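Here's the letter readout for the chains.
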Amino acid sequence: ESIGLICRYTEDHGWYEFNISSEGSYNVLYGEWLANGVARYTPIAIDRSEYIQPGGADNEIGLTCQGSTLWLYINGKLFRKLDEKRFGLTEGKVGLSVSSFENTPVIAGFDWVKLSEP
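Here is what the cut-offs are and how they apply
Residues numbered from 1 in each chain as written. Predicted model: local features only at pLDDT ≥ 70, side-chain atom pairs only at ≥ 80, totals over all residues. Heavy atoms only, no water. Disulfide = S-S within 2.5 Å. Helix = DSSP H or I, 4+ residues; strand = E, 2+ residues; numbered from the N terminus. Buried < 20%, exposed > 50% of the residue type's maximum accessible area, 1.4 Å probe, protein only. Pairing = 2+ DSSP bridges. Axes fitted to C-alpha atoms, helices over the stretch in contact; angles between N-to-C directions.

## Here's the deal with the state of the cysteines
Move 1: Across all of its chains, the model carries 1 disulfide by this definition.
Move 2: There is a disulfide in this structure between Cys-7 and Cys-65, and the S-S distance comes to 1.9 Å. Around the S-S axis, the bridge from Cys-7 to Cys-65 shows a dihedral of about -80° and counts as left-handed. On the criterion of sequence distance, the pair formed by Cys-7 in strand E1 (residues 2–10) and Cys-65 in strand E5 (residues 61–66) is long-range, its members being 58 residues apart. By the burial criterion, Cys-7 is buried, and Cys-65 matches it.

## Observations regarding the sheet that holds strand E6 (residues 69–74)
Move 1: Taking strand neighbours across the sheet as the criterion, the 3 strands line up as E5-E6-E7 in an open arrangement whose pairing is antiparallel. The open sheet is flanked by E5 and strand E7 (77–83), the only strands paired with a single partner. Across this sheet, the average inter-strand angle for adjacent strands is 15°, counted without regard to direction.
Move 2: As paired strands, E6 and E7 are joined by 6 bridges and run antiparallel to one another. Paired with Leu-72 across the strands is Arg-80, a residue of E7.

This is how it looks when you write it as C-alpha cells:
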C-alpha cells in the first residue's frame, strides 16, 4: 500500500507523483494518460527512507514543486531535492493518491491537507 501527493497535474501533459509505502520505500513518478482510465508511470526516483514510519503508523508527507525542483518531505524532514527538467511540467492541479497492489479493501486517511503557493 502507498499514499502520495500529486502536483502539476494536467490531462494533456501529465503530473508528478510522490508516494511512500508502508514497507519504507518511496518513489517519485511522472504520470501521463495513454487513454481514458489508462495511465503510464515513468520513475524519476525510487529509494528507501529511514524517515518513513513502518507498518500502519501515521506518516506526514510533503511535496513542494517550485521551478524545476521537487522538494520531498517525510515526517517534517526535507530529505531530498530533485532537479527535474526531463518532463518540464510547470503548472497544474494538486491531488492525493492511495494505492494497493495486493490487499483489498484498504483504508487510508488524510487527517489534514495544506495547500499554498511557494
